[in-house]
Amino acid sequence: MLPLLQYPSQAVAKPYFITAIGLFVGQILFGLIMGLQYVIGDFMFPAIPFNIARMVHTNLLIVWLLFGFMGAAYYLVPEESETELHSPLLAYLMFWIFLIAGALTIAGYLLVPYATLAEMTGNNLLQTMGREFLEQPLPTKVGIVVVALAFVYNIGMTILKGRKTAISMILLAGLIGLAVLFLFAFYNPSNLATDKYFWWWVVHLWVEGVWELIMAAILAFVLIKITGVDREVIEKWLYVIITLALVTGIIGTGHHYYWIGAPAYWQWWGGVFSALEPLPFFAMTVFCFNMVNRRRRQHPNKAATLWALGTGVMAFLGAGVWGFLHTLAPVNYYTHGSQITAAHGHLAFYGAYVMVVLTIISYAMPILRGRECNPERAQVLEMWSFWLMTVSMVFITLFLTGAGILQVWLQRVIDNPQPFMAVQDQVRIFYWLRELAGLVFLIGLVLYLVSFFVKDKPQTVAVNDVQPAAT
Amino acid sequence: MSAFFTKSRARNIFYGGVVFSALLFLALTFHTIRKMPQRDHRENLTAEVVRGKHLWETRNCVGCHTILGEGAYFAPELGNVYKRRGPDFIKAWIKVQPTGVAGRRQMPQFHFSEQQLDDIVAFLKWTSEINTENWPPNIEG
Ligand code: HEM
Ligand code: HEM
Ligand SMILES: [Fe+2]
């Protein structure tokens, strides 16, 4: 039935990808709600206070990216290992557990006061809630661990019984790192300073550590498929990239230790190492373009190629350039926790992890649906959505950066610094523009959804095209 | 270059680099953990402060505010609010929320008891005394 799928068990990736996209839509809707609350402060209050919308926005982001990573692994590991997935049943089961746990969590945020939710879900047994990005109730956190372990087991067993490639081993290493580092989410000392110190072991060591391994592996897989470049070359690149990522990223964690009560020497350790963190992202950019330029075949999925190249460029801009901008201690002293941080957070997450997941979906989804690539018209629409989302995210970033520079200036630099709220009033125009760009992003996302349902024009068009040649 | 720089050599550099970085990071962490007590003054971590942090977390304050620069950017920095406003203002402020001013950003009403308000204040006071290398740059946060 699916002649293109090399291993039927790869099909488990499909529900993961579909769910990822669905949650992505939810994430953006809540982003737009918050964007409006930034300028119309009482919008939807008290039904959806800002903090609730924010939890939904960021948690949906993380969860849909995890769905995307898992889908990617289920799709590419059988093909890399040249064997069926160890247990498709387990993969389906975990899909439902993760989806239900995720849905219940979001419903809990929206329907129950957070303090009540904490009480209901055993937060008093082990206090883990109420920290940024780690707001999930205890049962959800345990659920995440269970799903991650079952998933790593399933992928690990598949790799063990089959061919071991650099791509699958690096992906597995990244996934194990992801699961292991999440365990620090359960450590929450009552000392805020040490709490923060280890909180970053989840947040920073994820996005500037192990997730980069996952990202590089997914990119490498797609590039091999669409360019036909020799695996040896690609895998050597892969090792260079992940070496740079971890050697700079691990000690680079120190760029979060400047002002939270840790010793001052972190301003040097964190500054120097994190200033080198753009290198792996730059290497990925060069890698993508190099491979596409050296391609040995013209893959008909042009949209996937565009996403892959886009990931290379945007990850470097968002993580590399916007990260470097505020990573040195003397700069970070002024920009820490401002709209500059939000600007960087958006472009980095989008350019690196959103785009790499959309890359693998773009490549794999047509095959999962029984064709090598989507019809021409669908691809054109998908490429429109690429440009709309990417360009509007660049504008969101620029507007937030504008807001941030003014905020820092008025609140932290000038001689008569002004209070936070007074400054917010003066930068409203940037927040309005951000919301506008957000709406364009939403339009791009809707086009993206539509592109899945677009078919080619009826046959007659093709016949008409041929006629001139006959005359 | 490619004859010398083989894939297996690249892999070995990766292993070596990661092990070295992780060990160095752990060593720095170990040293940091030993130095932190002098900087965070944990001898002042009273039961009140501990309860205050619990309230801070279960009300998801960090969903709108930053604390020592981390959190959300919707509402003012609270790491130094104890120094900016003082205990009485903080308690009075929390009690009268939401302001209900049309179009203004709103903070929810948490129905805290007097004891809970004291706990929150104790937590914010303790936080404001952490040695943050003089961050934030000024009292406005
Ligand atoms: C794809 C990779 C990356 C992602 C997804 C990412 C995302 C984020 C996010 C979401 C935050 C805000 C965290 C919070 O809420 O407190 C943040 C903070 C930060 N990031 Fe990144 N980042 C990435 C890479 C980098 C790189 C490569 C650098 C440095 C070159 C960097 C430098 C920073 C700094 C200095 C902060 C702290 C900002 C502050 O003091 O407020 N990031 N990042
Ligand atoms: C329509 C588009 C979007 C809008 C209007 C929007 C709006 C917002 C707002 C208002 C915040 C809260 C900032 C604060 O704490 O004060 C936020 C946080 C965040 N959003 Fe979005 N967002 C959008 C799309 C996205 C996308 C596509 C991503 C992922 C790539 C994303 C990732 C994040 C992250 C990581 C944070 C936390 C940032 C940090 O802690 O520094 N958002 N967003
Ligand atoms: Fe970081």
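Small disclaimer: the values here were computed from a predicted structure and weren't measured.

(A) Representation of helix H6 (residues 166-182) of chain A in the model. Taking 1.5 Å of rise per residue, the 17 residues of H6(A) would be expected to cover 24 Å, and the 24 Å separating its terminal C-alpha atoms lies within 8% of that figure. In terms of burial, H6(A) is a largely internal element, 13 of the 17 residues being buried.

(B) Broad picture of the environment of Ser362(A). Residues and elements named next belong to chain A. Relative to the assigned elements, serine 362 resides in helix H13 (residues 339-368). Residues contacting serine 362, with those up to four places away along its chain left out, are Asn301, Ala303, Ala304, Trp307 and Glu382. Within polar-contact distance, the side chain of serine 362 engages the backbone nitrogen of alanine 304 at 3.3 Å.

(C) Representation of the coordination of the iron ion (ligand 3) within the structure. All names here are of chain A. Within the first shell, the iron ion (ligand 3) binds the protein through His204 (ND1), Glu208 (OE), His255 (NE2) and His256 (NE2), at distances of 2.1 to 2.2 Å. One can describe the site at the iron ion (ligand 3) as irregular: its 4 donor atoms subtend angles covering 83 to 147° at the metal. Each donor residue of the iron ion (ligand 3) lies on the same chain, and together they follow the pattern H-x3-E-x46-H-H. The two metals, the iron ion (ligand 3) and the iron atom of ligand 1, are separated by 4.3 Å. Residue histidine 255 is classed as buried on the basis of its relative accessible area, which comes to 13%.

(D) A look at the coordination of the iron atom of ligand 2. Residues and elements named next belong to chain A. Within the first shell, the iron atom of ligand 2 binds the protein through His57 (NE2) and His346 (NE2), at distances of 2.0 Å. The site at the iron atom of ligand 2 holds 6 donor atoms, and with the angles between them running 85 to 178°, its shape is octahedral. Of this pair, histidine 57 sits in helix H2 (residues 50-81) while histidine 346 sits in helix H13, and the two are 289 residues apart along the sequence. According to the relative accessible area criterion, histidine 57 is buried, its value standing at 10%. A relative accessible area of 26% means that histidine 346 is categorised as partly exposed.

(E) Up close: the interface of chain B and chain A. Every contact between the two is made by 70 residues of chain B and, on the other side, 81 residues of chain A. Among the residues of chain B in contact with chain A, Lys7(B), Phe25(B) and Tyr73(B) are the three that bury the most area, contributing 12% of the side total. For the pair chain B and chain A, the interface holds 4 salt bridges. Here Glu232(A) and Lys7(B) are joined by a salt bridge, their closest N and O atoms 3.4 Å apart. Viewed at the interface, chain A and chain B are joined by 35 residue pairs in polar contact (both at pLDDT 80 or more).

(F) Structural detail: the site of ligand 2. Neighbouring residues of ligand 2: 28 residues in total, closest Tyr38(A), Arg54(A), His57(A), Glu132(A) and His346(A). Residues within reach of ligand 2 are spread across chains A and B. Between Gln27(A) and ligand 2, the recorded distance is 3.4 Å, taken from a side-chain N or O atom to a nitrogen atom. Tyr73(B) is positioned such that a nitrogen or oxygen atom in its side chain is 2.9 Å from an oxygen atom of ligand 2. Looking at the shell around ligand 2, the elements with two or more residues in it are helix H1 (13-39), H2, H13, helix H14 (376-413) and helix H16 (428-451) of chain A. Class assignment for the residues of the shell around ligand 2 results in 17 nonpolar, 7 polar and 4 charged.

(G) Representation of the UniProt feature "transmembrane region" (unreviewed entry) in chain B within the structure. Per the UniProt record, "transmembrane region" (unreviewed entry) is found at residues 12-33 of chain B. Along residues 12-33 of chain B one finds 100% helix and 0% strand; the C-alpha atoms at either end are 31 Å apart.

(H) Just the UniProt feature "domain: Cytochrome c" (unreviewed entry) in chain B, in detail. With numbering aligned to this structure, UniProt lists the feature "domain: Cytochrome c" (unreviewed entry) at residues 47-128 of chain B. Between the end C-alpha atoms of residues 47-128 of chain B there is a gap of 17 Å, over a span that is 51% helix and 5% strand.

(I) Fine view of the pattern of salt bridges. Applying the stated criterion across every chain, the model contains 19 salt bridges over all chains. Between Arg54(A) and Glu132(A) there is a salt bridge, and its shortest N-O distance comes to 3.0 Å. Residue Arg54(A) is found in helix H2, and its partner Glu132(A) is found in the loop between helix H4 (114-120) and helix H5 (138-161); the two are separated by 78 residues along the sequence. One exposure class covers both Arg54(A) and Glu132(A), and it is buried. We note a salt bridge from Glu376(A) to Lys302(A), for which the minimum N-O separation is 3.4 Å. Taken as a pair, Glu376(A) in helix H14 and Lys302(A) in helix H11 (residues 302-325) lie far apart in primary sequence, 74 residues in all. Residue Glu376(A) is classed as partly exposed on the basis of its relative accessible area, which comes to 39%. The network of salt bridges with shared partners includes Glu80(A), Arg231(A), Glu232(A), Glu235(A) and Lys7(B).

Quick notes on the rules
Residues numbered from 1 in each chain as written. Chains lettered and ligands numbered in written order. Predicted model: local features only at pLDDT ≥ 70, side-chain atom pairs only at ≥ 80, totals over all residues. Heavy atoms only, no water. Helix = DSSP H or I, 4+ residues; strand = E, 2+ residues; numbered from the N terminus. Expected span 1.5 Å × (residues − 1). Buried < 20%, exposed > 50% of the residue type's maximum accessible area, 1.4 Å probe, protein only. Contact = heavy atoms within 4.5 Å. Polar contact = N/O pair within 3.5 Å; in protein donor to acceptor, adjacent residues only side chain to side chain. Donors = N, O, S within 2.8 Å, 3.2 Å for Na, K, Ca; no water. Tetrahedral: all angles 85-135°; square planar, octahedral: opposite > 155°, others 65-115°. Buried area = accessible area lost by both parts, 1.4 Å probe. Salt bridge = Lys/Arg side-chain N within 4 Å of Asp/Glu carboxyl O. Near = heavy atom within 4 Å. Nonpolar A, V, L, I, M, F, W, Y, C, P; charged D, E, K, R; others polar. UniProt positions renumbered as here; feature names shortened; annotations may be inferred.

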